[in-house]
Amino acid sequence: MAINPTQPIYFSTQHRLQWEEAQQKHVILYPEGMVELNQSSAEILKLCDGSRTLAQIVSDLEEKFATTGLTNDITAFLEAALSNGWINQH
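Residues numbered from 1 in each chain as written. Predicted model: local features only at pLDDT ≥ 70, side-chain atom pairs only at ≥ 80, totals over all residues. Heavy atoms only, no water.

S.K.: Can you tell me about the pairing of strand E3 (residues 25-30), naming the residues and giving the values?
M.R.: Pairing analysis gives five bridges linking strand E2 (residues 16-20) to E3, with the strands arranged antiparallel. Residue pairing across strands places Leu 17 opposite Ile 28, the latter belonging to E3. Two elements, E3 and strand E4 (residues 33-36), share four bridges in a ladder whose sense is antiparallel. In the strand pairing of E4, Val 27 is matched with Glu 36. Connecting the antiparallel pair E3 and E4 is a turn made up of two residues. (Pairing = 2+ DSSP bridges. Helix = DSSP H or I, 4+ residues; strand = E, 2+ residues; numbered from the N terminus.)

Structure, rendered in structure tokens:
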């Protein structure tokens, strides 16, 4: 599935993103189980609040981490997240 660059991205209402103290990492919780996330994945998903497009998420993260060139990696992750049903677009 491809991310539409003009539409905002939001986290699925069927899943919950939260910090899991026992694992010392962010996780996605859903009725069938849990997915452990690395720091990069969690940072991306925390910005999927329905107010940002792909370009805005990339810009925010490049600014936060004082880097450039994240578009391809973030796009690939968000496309996988969309396929997994973790995120949606309006």
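Moving on from the model shown.
S.K.: Mind laying out the sheet that holds strand E6 (residues 87-89), listing which residues take part and the relevant values?
M.R.: Pairing is antiparallel across the open sheet formed by three strands, whose spatial order is E5-E1-E6. Where the open sheet ends on each side, the last strands, each with one partner, are strand E5 (49-52) and E6. Each strand of the sheet is rotated relative to its neighbour by a mean of 30°, with strand direction disregarded. Bridge count for strand E1 (residues 9-11) against E5 is two bridges, and the pairing is antiparallel. Note that in E5 the partner of Ile 9 across the bridge is Arg 52. This element, helix H2 (residues 54-64), spans E1 and E5 of the sheet and lies at about 85° to E5. (Axes fitted to C-alpha atoms, helices over the stretch in contact; angles between N-to-C directions. Contact = heavy atoms within 4.5 Å.)

S.K.: Which residues make up the nonpolar core, and what are the values?
M.R.: In this structure, Ile 9, Leu 45, Ile 57, Ile 74, Leu 78 and Ile 87 are the most contacted members of the largest nonpolar core, which totals 22 residues. For this core, the leading source of residues is helix H3 (residues 71-84), giving five residues. With residues near it in sequence (within four places) discarded, Leu 45 still touches Phe 11, Leu 17, Ile 28, Leu 37, Phe 77, Ala 81 and Ile 87. (Core = buried A, V, L, I, M, F, W, Y, C linked by side-chain atoms within 4.5 Å. Buried < 20%, exposed > 50% of the residue type's maximum accessible area, 1.4 Å probe, protein only.)

S.K.: Give a detailed account of helix H1 (residues 39-46), specifying residues and quantitative values.
M.R.: Among the residues making up H1, those that are buried are Ser 41, Ala 42, Glu 43, Ile 44 and Leu 45. Where the residues of H1 are buried, they touch E1, E2, E3, H2, H3 and E6. By the N-cap criterion, in which a side-chain oxygen at the helix start approaches the backbone nitrogen of a residue two or three places on, H1 is capped by Asn 38, the distance to Ser 40 being 3.2 Å. (Polar contact = N/O pair within 3.5 Å; in protein donor to acceptor, adjacent residues only side chain to side chain.)

S.K.: Provide a residue-level description of the side chain of Glu 62, including the pertinent values.
M.R.: Mapped onto the elements of the fold, Glu 62 is located in helix H2. For the buried Glu 62, no salt bridge is present, and the opposite-charge side chain at shortest range is Arg 52, 13 Å distant. (Lys, Arg positive; Asp, Glu negative; His and termini not counted. Salt bridge = Lys/Arg side-chain N within 4 Å of Asp/Glu carboxyl O.)

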